[in-house]
Structure formats: C-alpha cells, structure tokens
Amino acid sequence: MRIDSAEFWAAAASPEAIPPARHAEIALAGRSNVGKSSLINKMTKRRRLARTSRTPGCTRGLVFFEINSELTLVDLPGYGYASRSQQERAAWKRLVEYYLETREELAGMLVLVDVRRGPEAEEMELARFLESRGISYAWVATKSDKLKRSKLAAARSRLSERLAPARVLSTSAVKGEGLDAVWAWVEAAVADGLDG
Ligand SMILES: Nc1nc2c(ncn2[C@@H]2O[C@H](COP(=O)(O)OP(=O)(O)OP(=O)(O)O)[C@@H](O)[C@H]2O)c(=O)[nH]1
Ligand SMILES: [Mg+2]
C-alpha cells in the first residue's frame, strides 16, 4: 500500500479516553516486546511514529495512528510483562477488553507472536475470543530475521499447521520482510468490514 500520510492521532489510557472512531480500525495485539510498535513503523515507513524499546512494557495505553486519512492502526499495550503491578495489569485488561468488546469499527486484528516462540495460552485465548465475536484476524510471526533460512521455513510451517485454517504471515521489522502480505490482509479486512 502506498503511504501518503501516517500520523499519531490519539492515545487512551482508560476506556473513557478512547475517542470515537474516524475510520475502520486494525489493531495489533501480542505479548510485550513481540514487535507491535516496530511493525507499525515499518508498515508506515516512519521510523519513529510508534515508540519502541528493548524494555518490555513500552506502549502503555491504546495508541491510534491515522493512515492516509482512510484507516486507523491501533497499537495495543502488550501483555505478559511480569514486572507490572497487579493493579496495572487489571487496568490493562479492563482497557483492552473494553476496546475489543465495544469497538464497532474494529475491522480486524493482527495477533503477533515471536516466530521462535509461537503462541502461548494468552494468544490462543485471544484468538478464540475473536472467533466468538466474528472479528477477523491473522497471525503475524515476527522477528523472522532471528532465524536462519532453513529454521525459519520449519518454524513457519509448524505454525501454519498448528494454527490452520487461520492465516499466518511472517515479518521482520529489521529487514522489512513480509510487509506487502500484511498490508494486503489489512486492506482486505477493511474492505470486508465496510461491506458487512
Ligand atoms: N531482530 C528484530 N528485532 C525486532 C523486530 N521487531 C521488533 N524488534 C525489537 O524488539 C524490541 C521490542 O519491539 P517493540 O516494537 O517495542 O515491541 P512491542 O510489541 O511494541 O512491545 P510493548 O510496547 O512493550 O508491548 C525492540 O528492541 C525492537 O527493536 C524484528 O522484526 N526483528
Ligand atoms: Mg509497543
């Protein structure tokens, strides 16, 4: 997809702060540090649009980015970040669940997993939830640059087999691999969302 504009639009640290949607939204979910914010930057070809960090827990609230004045990418805060307090985790859960349960403009989700780890219980639970709500989603195996070619091929086919019939895309935010397929999926999900 050609990116004419990609801009920070809003951030929300509580359900009350979530703004009314402007466009169809595609949210990126996954464990802390899996590479959600990095993927947004690579997809939009903006190096510092979304804040990224080596330290897990970088993205705190929901962060909304407006793309080409036609769709919104939503960077969700990651889960599985052990050093957060109980209270912070409860607030995180409330925020993300509220968003997922109420956002009518949510056209689809990219569920990110590290290609070396694959999905764990939280991701499988999220996938079941999305299925039960009829929200379309695709798996994105991130950090493909971390594996040698032969190991990557094996890891990808294991994931595809395990997660079938859901789509499994594979990306590297370092090498820029897999971005066209991610955009193609996003555009199709947005088009479906508009139809339905
Ligand atoms: N090698 C490699 N490193 C990556 C890739 N994507 C992200 N990283 C690194 O992984 C770390 C975490 O990336 P983020 O994009 O901040 O992760 P996040 O999922 O947004 O994390 P939270 O905001 O904490 O939920 C950073 O050090 C990134 O540079 C990738 O494709 N390849
Ligand atoms: Mg982040």
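The structure under discussion appears in the preceding block.
Model, not experiment: these values are computed from the prediction.

### Considering the overall build of the chain
Then, in step 1: Check the secondary structure of the chain and you find five helices and seven strands.
Then, in step 2: Reading the helices (α) and strands (β) of the chain from amino to carboxyl end gives β-β-α-β-β-α-β-α-β-α-β-α.
Then, in step 3: At 16 Å, the chain has a C-alpha radius of gyration in line with the 16 Å of a compact globule built from 196 residues.
Then, in step 4: Counting across all 196 residues of the chain, residues that qualify as buried make up 38%.
Then, in step 5: Counted over contacts in the chain with a minimum sequence separation of 6, partners at least 24 positions apart contribute 73%.

### Notes on the pairing of strand 6 (residues 137-142)
Then, in step 1: Where burial is concerned, most of strand 6 is hidden: six out of the six residues are buried.
Then, in step 2: Burial of the side chains of strand 6 extends over both faces: Tyr137, Trp139 and Ala141 are buried on one face and Ala138, Val140 and Thr142 on the other.
Then, in step 3: Bridging between strand 5 (residues 106-114) and strand 6 involves six bridges; their strand directions are parallel. Within strand 6, the residue paired with Asp114 across the bridge is Thr142.
Then, in step 4: Across three bridges, the pairing between strand 6 and strand 7 (residues 168-170) is parallel. In the strand pairing of strand 7, Ala141 is matched with Ser170.
Then, in step 5: Each parallel crossover has a hand, and the one from strand 6 via helix 4 (residues 149-163) to strand 7 is right-handed.

### Some details on the site of ligand 1
Then, in step 1: Within the structure, ligand 1 sits among 24 residues, and Gly35, Ser37, Ser38, Thr59 and Gly78 are positioned closest to it.
Then, in step 2: Taken together, the residues of the shell around ligand 1 break down into six nonpolar, 13 polar and five charged.

### Observations regarding the nonpolar core
Then, in step 1: Counting residues in each nonpolar core, the largest one holds 47 residues, and the members touching the most others are Ile26, Leu28, Leu110, Val111, Leu112, Trp139 and Val140.
Then, in step 2: Looking at this core, the element that brings in the most residues is strand 5, giving seven residues.
Then, in step 3: Discounting chain neighbours no more than four positions away, the residues touching Val140 are Leu110, Val111, Leu112, Leu169, Thr171 and Val182.

### Topic: the sheet that holds strand 4 (residues 71-75)
The pairing of strands in a sheet happens through backbone hydrogen bonds and is either parallel or antiparallel.
Then, in step 1: Read from one edge of the open sheet, seven strands run 1-3-4-2-5-6-7, paired in mixed fashion. Bordering the open sheet on either side are strand 1 (6-12) and strand 7, each of which pairs with just one other strand. Neighbour to neighbour, the strand axes of the sheet diverge by 25° on average, direction disregarded.

### Describing the pairing of strand 2 (residues 24-30)
Then, in step 1: Burial within strand 2 is extensive, with seven of its seven residues counted as buried.
Then, in step 2: Burial of strand 2 is two-sided: the residues Ala24, Ile26, Leu28 and Gly30 facing one way and the residues Glu25, Ala27 and Ala29 facing the other way are all buried.
Then, in step 3: Bridge count for strand 2 against strand 4 is five bridges, and the pairing is parallel. Directly across from Glu25, in strand 4, lies its bridge partner Thr72.
Then, in step 4: Summarising the sheet, strand 2 and strand 5 pair through six bridges and their orientation is parallel. Paired with Ala29 across the strands is Val111, a residue of strand 5.

Parameters at a glance
Residues numbered from 1 in each chain as written. Chains lettered and ligands numbered in written order. Predicted model: local features only at pLDDT ≥ 70, side-chain atom pairs only at ≥ 80, totals over all residues. Helix = DSSP H or I, 4+ residues; strand = E, 2+ residues; numbered from the N terminus. Rg over C-alpha atoms; globule rule 2.2 N^0.38 Å. Buried ≥ 20, exposed ≤ 12 C-beta atoms within 10 Å, placed from the backbone. Contact = placed C-beta atoms within 7 Å. Pairing = 2+ DSSP bridges. Right-handed = clockwise from strand over helix to strand, strands pointing away. Near = placed C-beta within 6 Å. Nonpolar A, V, L, I, M, F, W, Y, C, P; charged D, E, K, R; others polar. Core = buried A, V, L, I, M, F, W, Y, C linked by C-beta atoms within 7 Å. Axes fitted to C-alpha atoms, helices over the stretch in contact; angles between N-to-C directions.

In short, geometric facts, not functional conclusions.
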